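Listed here are the chains, written in short residue letters.
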There are 4 protein chains.
Amino acid sequence: MISFKNDYSEGAHPDILKAITENNAFQEEGYGLDRHTKAFHENLKKRIGSEDFDVHLISGGTQTNLLVISSFLRPHEACIAADSGHISTHETGAIEATGHKVVTIPSRDGKLAPEMIKPVLVYHHFEHMVKPKLVYISNTTEVGTVYSVKEMEALSRFCREQGLILYVDGARLGAAMTSGEGAPTLKDMARYADAFFIGGTKNGALFGEALVIVNHDLKEEFRFLVKQRGALLAKGWVTGIQFRELFKDNLYFDLAGHANEMAQYLAEGLKTLGCPFLVDSPSNQIFPILPDKVIEKLLEEFQFYIWEKAEKGFSAVRLITSWATEKTSVDLFLSRCRELLQKS
Amino acid sequence: MISFKNDYSEGAHPDILKAITENNAFQEEGYGLDRHTKAFHENLKKRIGSEDFDVHLISGGTQTNLLVISSFLRPHEACIAADSGHISTHETGAIEATGHKVVTIPSRDGKLAPEMIKPVLVYHHFEHMVKPKLVYISNTTEVGTVYSVKEMEALSRFCREQGLILYVDGARLGAAMTSGEGAPTLKDMARYADAFFIGGTKNGALFGEALVIVNHDLKEEFRFLVKQRGALLAKGWVTGIQFRELFKDNLYFDLAGHANEMAQYLAEGLKTLGCPFLVDSPSNQIFPILPDKVIEKLLEEFQFYIWEKAEKGFSAVRLITSWATEKTSVDLFLSRCRELLQKS
Amino acid sequence: MISFKNDYSEGAHPDILKAITENNAFQEEGYGLDRHTKAFHENLKKRIGSEDFDVHLISGGTQTNLLVISSFLRPHEACIAADSGHISTHETGAIEATGHKVVTIPSRDGKLAPEMIKPVLVYHHFEHMVKPKLVYISNTTEVGTVYSVKEMEALSRFCREQGLILYVDGARLGAAMTSGEGAPTLKDMARYADAFFIGGTKNGALFGEALVIVNHDLKEEFRFLVKQRGALLAKGWVTGIQFRELFKDNLYFDLAGHANEMAQYLAEGLKTLGCPFLVDSPSNQIFPILPDKVIEKLLEEFQFYIWEKAEKGFSAVRLITSWATEKTSVDLFLSRCRELLQKS
Amino acid sequence: MISFKNDYSEGAHPDILKAITENNAFQEEGYGLDRHTKAFHENLKKRIGSEDFDVHLISGGTQTNLLVISSFLRPHEACIAADSGHISTHETGAIEATGHKVVTIPSRDGKLAPEMIKPVLVYHHFEHMVKPKLVYISNTTEVGTVYSVKEMEALSRFCREQGLILYVDGARLGAAMTSGEGAPTLKDMARYADAFFIGGTKNGALFGEALVIVNHDLKEEFRFLVKQRGALLAKGWVTGIQFRELFKDNLYFDLAGHANEMAQYLAEGLKTLGCPFLVDSPSNQIFPILPDKVIEKLLEEFQFYIWEKAEKGFSAVRLITSWATEKTSVDLFLSRCRELLQKS
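Residues numbered from 1 in each chain as written. Chains lettered and ligands numbered in written order. Predicted model: local features only at pLDDT ≥ 70, side-chain atom pairs only at ≥ 80, totals over all residues. Heavy atoms only, no water.

The next point concerns the sheet that holds strand β3 (residues 77–82) of chain A. All names here are of chain A. Read from one edge to the other, the open sheet built from seven strands follows the order β2-β8-β7-β6-β5-β3-β4, with strand pairing classed as mixed. Only two strands of the sheet have a single neighbouring strand rather than two, namely β2 (54–58) and β4 (102–105). Averaged over neighbouring strand pairs, the angle between their axes works out to 25° when direction is ignored. The pairing of strand β5 (residues 131–138) with strand β6 (residues 165–169) spans five bridges and is classified as parallel. (Pairing = 2+ DSSP bridges. Helix = DSSP H or I, 4+ residues; strand = E, 2+ residues; numbered from the N terminus. Axes fitted to C-alpha atoms, helices over the stretch in contact; angles between N-to-C directions.)

By convention here, two paired aromatic rings are described through the distance between centres and the angle between planes. All names here are of chain A. Scanning the entire structure with this criterion turns up 54 aromatic pairs over all chains. With a centroid separation of 5.1 Å and 70° between ring planes, the pair formed by phenylalanine 287 and tryptophan 307 is classed as edge-to-face. Remark: tryptophan 307 occurs in strand β12 (residues 305–309) and phenylalanine 287 occurs in the loop between β9 (285–286) and β10 (289–291); sequence separation between them is 20 residues. Residue class for phenylalanine 287 comes out buried when judged on its relative accessible area of 0%. (Phe/Tyr/Trp six-rings, centres within 6.5 Å; stacked < 30°, edge-to-face > 60°. Buried < 20%, exposed > 50% of the residue type's maximum accessible area, 1.4 Å probe, protein only.)

Residue and element names in this part refer to chain B. The end-to-end C-alpha distance of helix α7 (residues 149–162), which contains 14 residues, comes to 20 Å, matching closely the 20 Å that a straight helix rising 1.5 Å per residue would cover. Residues of α7 that are buried sit in contact with α6 (114–123), β5 (131–138), β6 (165–169) and α9 (186–192). Phi for glycine 163, located one or two positions after α7, is positive at around 70°. (Expected span 1.5 Å × (residues − 1). Contact = heavy atoms within 4.5 Å.)

Here we come to the sheet that holds strand β2 (residues 54–58) of chain C. Residue and element names in this part refer to chain C. A sheet is described by the order of its strands in space; here seven strands give the open sequence β2-β8-β7-β6-β5-β3-β4, paired in mixed fashion. One side of each edge strand has no neighbouring strand; the edge strands of this open sheet are β2 and β4 (102–105). Within the sheet, the average angular offset between the axes of one strand and its neighbour, ignoring direction, is 25°. Across two bridges, the pairing between strand β6 (residues 165–169) and strand β7 (residues 195–199) is parallel. Counterpart to valine 168 in the pairing with β7 is phenylalanine 196. Helix α2 (residues 35–48) rests against β2, β7 and β8 (209–213) of the sheet, and its axis sits at about 130° to β2.

Core analysis: the biggest nonpolar cluster contains 119 residues, and A:Leu186, A:Phe196, A:Ile198, B:Ile117, B:Leu186, B:Phe196 and B:Ile198 have the highest contact counts within it. Those residues in contact with B:Leu186, other than ones at most four positions away along the chain, are B:Leu44, B:Arg47, B:Ile48, B:Leu173, B:Met177, B:Phe196, B:Ile198, B:Phe247 and B:Phe253. Among the nonpolar cores identified, the runner-up in size contains 118 residues, and C:Cys159, C:Leu255, D:Leu57 and D:Ile117 belong to it. (Core = buried A, V, L, I, M, F, W, Y, C linked by side-chain atoms within 4.5 Å.)

This part covers the pairing of strand β7 (residues 195–199) of chain B. Residue and element names in this part refer to chain B. Among the five residues of β7, five are classified as buried, and the element is accordingly described as predominantly covered. The alternating pattern of β7 places Ala195, Phe197 and Gly199 and Phe196 and Ile198 on opposite faces, both of which are buried. Bridge count between β7 and strand β8 (residues 209–213): five bridges; the pairing is antiparallel. Its bridge partner lying in β8, alanine 195 is registered against isoleucine 213.

Turning our attention to the packing of helix α11 (residues 237–248) of chain A against helix α12 (residues 251–272) of chain A. Residue and element names in this part refer to chain A. As a packed pair, α11 and α12 sit with axes 5 Å apart at the nearest point and diverge in direction by 80°. Here α11 lies roughly perpendicular to α12, going by the angle between them. Here Glu245, Leu246 and Phe247 of α11 lie close against α12, whose contacting residues are Leu251, Tyr252, Phe253 and Leu255. Among the residues making up the contact of α11 with α12, the classes are represented as six nonpolar, no polar and one charged. (Parallel < 35°, antiparallel > 145°, perpendicular 65-115°, else oblique. Nonpolar A, V, L, I, M, F, W, Y, C, P; charged D, E, K, R; others polar.)

Turning next to unusual backbone geometry. Cis peptide bonds are those with omega within 30 degrees of zero, and the linkage from A:Asn139 to A:Thr140 qualifies with -5°. Locating A:Thr140 in the fold gives a position in the loop between β5 and α7 (149–162). In this structure, A:Tyr31 is a non-glycine residue whose phi angle is positive, near 55°. In this fold, A:Tyr31 is placed in the loop between α1 (14–23) and α2 (35–48). Residue A:Tyr31 is classed as buried on the basis of its relative accessible area, which comes to 14%. Residue B:Thr92 is not a glycine yet carries a positive backbone phi of 50°. Checked against the element boundaries, B:Thr92 lands in the loop between α4 (86–89) and α5 (94–97). By relative accessible area, which is 0% here, B:Thr92 ends up buried.

The next subject is the interface of chain A and chain B. In this complex, chain A contributes 46 residues to the contact, which on the side of chain B involves 46 residues. Together chain A and chain B conceal approximately 3900 Å² of surface at their shared face, both sides included; 51% is due to carbon and sulfur atoms. Looking only at chain A, the three residues that lose the most surface to chain B are A:Gln27, A:Gln228 and A:Lys235, adding up to 18% of its buried area. In this assembly, chain A and chain B are joined by two salt bridges. Here B:Lys5 makes a salt bridge to A:Glu29, at a shortest N to O gap of 2.8 Å. Applying the counting criterion to the chain A and chain B interface returns 24 residue pairs in polar contact (both at pLDDT 80 or more). Across the side of chain A that touches chain B, the residue classes tally to 20 nonpolar, 18 polar and eight charged. (Buried area = accessible area lost by both parts, 1.4 Å probe. Salt bridge = Lys/Arg side-chain N within 4 Å of Asp/Glu carboxyl O. Polar contact = N/O pair within 3.5 Å; in protein donor to acceptor, adjacent residues only side chain to side chain.)

Residue and element names in this part refer to chain B. Following both chains from N to C, one finds helix α1 (residues 14–23) and helix α11 (residues 237–248) inclined at 135°, their axes separated by 9 Å at the closest point. Compared by their axis directions, α1 and α11 come out oblique. For the pair α1 and α11, the crossing hand works out as right-handed. Within the contact between the two elements, α1 uses Asp15, Ile16, Ala19, Ile20 and Asn23 and α11 uses Trp237, Val238, Ile241, Gln242, Glu245 and Leu246. Among the residues making up the contact of α1 with α11, the classes are represented as seven nonpolar, two polar and two charged. (Left-handed = near helix turned anticlockwise from the far one by under 90°.)

One side chain can pair with another of opposite charge once the charged atoms of both are near each other. Residues and elements named next belong to chain D. Counted according to the given criterion, the structure contains 81 salt bridges over all chains. Across the salt bridge formed by arginine 35 and glutamate 28, the nearest N and O atoms sit 2.8 Å from each other. Across the pair aspartate 292 and lysine 309 runs a salt bridge, and its minimum N-O distance is 3.6 Å. A residue pair is termed long-range when its members are at least 10 positions apart, and aspartate 292 in helix α13 (residues 292–298) and lysine 309 in strand β12 (residues 305–309) qualify at 17 residues. On the basis of relative accessible area, lysine 309 is assigned to the exposed category, the value being 63%.

Each side of the interface is counted separately: chain C has 19 residues, and chain A has 19 residues. With both chains or domains summed, chain C and chain A bury close to 1400 Å², and 52% of this area falls on carbon and sulfur atoms. Ranking the residues of chain C by area buried against chain A places C:Thr92, C:Glu96 and C:Lys101 at the top, with a combined share of 36%. The interface formed by chain C and chain A holds two salt bridges in total. With a shortest N-O distance of 2.8 Å, C:Lys101 and A:Glu96 are connected by a salt bridge. At the surface where chain C touches chain A, the tally comes to 10 residue pairs in polar contact (both at pLDDT 80 or more).

This part is about the confidence of the model for chain A. Per-residue confidence for chain A gives a mean pLDDT of 97; residues scoring 70 or more make up 100%. We note a pTM of 0.97 for the whole complex and an ipTM of 0.97 for its interfaces. (pLDDT = per-residue confidence, 0-100.)

In structure tokens form, the structure reads like this:
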């Protein structure tokens with residue numbers, strides 16, 4: 001059954017498996033001190049146009065988030081996130097488990113802006129309340145929307161004025177960077193964020209997120225913290241070589257661009273069929289609203305999540321495409337939709 | 001340069017890479033609910049001869065240890081470990097970071113026995129002290145020694161009498177299970193431990209440890225805890241397929257047996273040359289004592305760790321072999337030793 | 001300047017100071033194992049009509065809350081609270097600092113009811129989210145409202161059906177128990193809550209909260225946890241004797257009743273002057289809405305907090321009375337209000 | 001029965017109770033912002049000869065220790081303590097519960113010196129191990145010994161060279177400061193420690209420890225942390241007035257001096273009777289070695305702890321005197337010893 005449930009159903013891009021296989025027998029240094037991780041770091045320096053950042057390869061997003069936030073904050077400091085933020089709801093309290101409150105802000109499109117954060121800072125005004133210190137955003141967001149360069153710049157300026165750390169969950173950063181006009185580049189991310197990660201798991205790697213720490217104050221002794229949270233893989237080269245391969249040429253961007261293209265092709269098709277959308281998302285996650293009866297039928301042939309109830313008899317669903325989604329699968333879905341919508 | 005530094009320098013056994021590559025394109029369920037993880041679970045049931053255990057695949061040993069211990073203990077409860085235990089010294093306080101004290105017991109051979117634990121229980125007698133509740137052992141230990149079935153059985157009986165949880169760090173469980181007469185089997189492990197893990201990283205996998213929870217009371221809602229600690233990989237099938245492959249036939253045991261064989265062959269060779277040993281270890285870690293001048297020369301051609309100073313002018317070194325160690329490498333090392341020792 | 005800012009401005013009831021002074025020279029057992037704490041425990045057994053509970057004396061409310069919640073929950077479990085709950089906003093993330101998320105529910109009157117909790121349980125449906133396990137309520141609430149016996153009973157039944165722990169922050173339990181018809185008694189509290197505390201700090205003690213644990217499963221080894229959180233006072237008898245004195249006769253109820261009476265007398269007076277109220281609270285906290293100009297003038301002579309903006313030119317203020325509030329102070333405030341309101 | 005078990009059996013010095021009683025009715029600012037706490041702070045400034053420190057009043061020693069250590073350290077940093085240190089053994093893992101390892105150093109007299117700490121720093125050399133960052137000492141120590149000014153100075157110089165924080169548990173700081181020649185003064189403590197506390201509980205207060213933070217970097221936003229750990233008492237003035245009274249004239253030093261005098265008088269008496277001592281302690285804790293049979297008889301009339309077994313048939317006991325110990329009690333104990341030793 002074809003799945004549009006998520007972008008981590010398939011494995012890695014074949015080039016990655018090939019690279020692992022070819023380097024498999026070599027006796028490599030452990031714990032991320034290998035040749036591949038170093039080569040990826042060098043490559044990033046060129047792409048970002050700076051020497052002045054650290055990179056740490058972590059196996060997954062939740063682990064990266066809890067590691068980063070618990071390392072950057074003092075015990076009484078809290079993070080601010082959209083209520084749809086991954087750390088707010090879908091990480092089983094991972095951040096709180098390290099001792100820190102997540103202060104949430106309601107956001108329909110999953111994004112935060114300075115004017116939304118200001119009241120939170122005003123409200124938390126004395127020592128009987130936590131001190132908000134870190135702003136967590138996801139780019140793309142959990143509903144597929146994108147922070148443009150302009151929005152990143154505005155948030156960054158605001159955070160620096162307020163003494164706030166800006167941290168970006170980039171589980172789908174590839175999708176954000178290839179989402180079209182105004183999309184941020186790696187250089188932009190490094191300019192505006194204090195730290196961010198480049199998601200591998202959801203963009204063609206077997207696993208792995210590349211955490212980039214730009215703010216000098218946050219770098220110190222970070223490897224201790226990686227080890228303490230159980231995030232320092234012995235065979236770290238396996239993560240390193242995946243990112244080396246993704247960024248050797250343009251693979252990372254090509255894969256993300258393909259996923260976006262498939263989702264937008266799907267969205268266009270659904271719009272042609274008259275579907276409204278819950279939110280306007282230019283990346284690889286789309287949220288069309290369909291009649292419940294149509295959804296029921298579609299679920300017999302395709303896998304995807306029902307996102308939330310819409311007006312009577314309708315629901316929004318989430319459709320996600322990946323680096324591996326084939327155009328024939330999308331065409332099949334669209335053609336089935338057409339039939340079902342005509343009947344309904 | 002040939003390395004005897006550790007057993008995680010090389011990648012995965014080729015069969016594993018082949019299996020990943022062949023299954024790479026399939027759209028698999030996420031988070032460890034895939035076909036391969038299930039197949040491995042079924043396989044383990046047969047090997048262990050019981051249906052009554054849970055299995056969770058985790059990416060590394062430190063992560064497994066901190067996850068297990070923080071999940072099993074109440075806040076005031078502590079774990080007991082040998083002072084050479086991995087959690088005692090080489091996990092950057094990962095256990096304490098989850099809130100629990102590690103009470104250490106000096107042990108020359110890295111092993112614990114009931115009579116060593118008893119005084120710790122007597123000493124911690126009231127509410128101004130932590131309550132020791134979990135006994136952590138490693139099999140093989142950090143110095144290559146092995147808990148035999150008999151020793152496992154004695155520890156287990158003692159722990160059950162005392163209301164203690166027995167947890168086994170099996171990063172090198174393969175080496176223990178193939179260490180010869182008296183070695184425990186998987187069935188023994190499941191009979192005597194409340195929980196243990198089967199190490200993949202150090203025995204032919206790219207990464208991965210298979211945590212087996214036998215004690216029914218410790219199983220409940222464990223997936224919440226795996227997720228909270230950032231240990232639930234989205235593409236969990238990549239870990240699942242590695243263990244499936246390792247246990248499809250006898251690969252796991254063959255690889256561990258080979259590593260042991262190489263180390264013992266190396267040990268025999270060194271004994272023939274008159275080397276004494278720091279500890280008598282029947283597995284893939286050996287600790288010969290060599291003249292410092294010889295060590296210095298050897299390090300020009302081979303990688304390995306100096307473990308500790310011995311009598312004047314001598315030091316113990318640690319030599320580790322892996323599933324991938326070739327006999328020719330061992331022969332080369334032995335022949336170089338022979339030359340250098342004759343000169344010295 | 002007369003203060004209606006809170007109910008902890010003055011010290012202890014004179015009988016308490018007298019009792020401390022009279023017993024001061026005696027060499028008492030440390031850490032809560034003294035004669036006075038035991039006598040209070042015996043007294044409580046009679047009042048509650050049961051032998052089957054533990055009592056622990058803690059120095060303050062935040063400490064009690066963090067101790068209780070961190071002791072009762074496993075790492076992935078969360079507590080549910082009203083958004084106005086003390087743990088939600090005014091304890092500097094004390095609960096999160098012990099590792100647990102506080103899931104908040106909007107509540108205008110500061111209370112929770114089963115139908116408000118149900119959707120939270122439905123929403124948290126799988127292991128990628130925390131598991132709500134404990135319901136935290138305050139009686140009286142942070143806005144002076146009271147859970148009646150009937151409401152306590154309904155919440156309790158719901159929690160038991162759902163496997164939830166019901167824990168009551170009783171910083172102002174005295175005010176709740178003396179709030180008139182339908183008010184719960186100590187017996188009711190012990191029948192419906194799994195644990196609750198009897199507030200001393202805000203009802204005539206120098207400091208101290210008496211934590212009562214009724215649910216047998218939650219009692220075990222609790223003194224270890226009290227010690228670990230730094231809550232076991234060496235001279236625990238000083239807390240013990242205060243509670244002994246408060247409950248020797250009816251002092252605790254008399255003091256709370258007086259505070260309520262003063263607040264209600266103040267409320268009646270303000271109602272006569274035509275003041276509306278933010279919320280209808282039958283206890284020692286009231287929230288009248290006054291013109292901002294009047295508030296400004298009043299603040300020159302009295303201390304109290306502005307609670308929140310109301311309609312244009314008006315604000316709600318919080319007025320709190322205590323066991324020590326004198327009627328003449330209330331009369332003075334009312335008379336000043338009358339003058340100012342007439343002018344405005 | 002007369003007790004030499006500890007120095008917190010009796011209550012507060014009568015002057016303290018009088019001061020509380022006299023100020024009891026006043027409506028005081030809450031949470032340590034009261035007149036008495038401020039007056040004590042001013043007093044301390046004069047005694048220390050500096051304006052440049054913060055003071056926070058906490059209810060007990062364990063709470064102070066866990067608050068300080070968890071606030072000063074990053075997650076991967078550890079503290080170093082003597083194995084007899086209070087945090088090492090008698091605080092139920094309170095430090096570990098906040099996430100930090102306590103690295104212990106064996107010490108017969110309970111003291112640490114630079115040469116004892118150096119190897120610990122050498123041993124913890126990379127990111128797979130915790131980073132020792134704070135040195136915890138107690139003055140007096142848990143066995144009654146005293147760090148002299150000279151020793152404080154040496155430790156302080158060493159810690160500053162090594163980038164270590166020096167923190168002093170002063171539960172019995174009064175006893176240290178009045179222990180005779182070479183004893184440190186408050187000025188010395190503030191000069192050599194980064195932070196220390198002045199114990200009230202064990203020197204004439206009902207409860208309370210005055211934490212002094214000297215190192216500027218460690219002061220910031222500390223009140224948030226005090227609140228978060230549940231250590232900010234609503235009626236903070238009750239602690240404030242106790243310290244105000246203790247330091248108004250010389251009461252604090254007089255009380256500690258008396259306790260020391262009684263213990264030394266007791267020690268002299270026992271030496272005259274031929275008793276050896278476990279350790280030579282010039283403060284209010286002494287550890288004479290007595291025949292087990294004599295101990296058994298003494299315990300019928302006096303309370304004290306047996307500390308540890310000595311040579312066959314003998315044990316060391318711990319005898320503690322307090323600000324309230326009467327000379328007649330000591331004489332009684334000595335006279336009973338004389339009788340029993342003569343018989344034995």
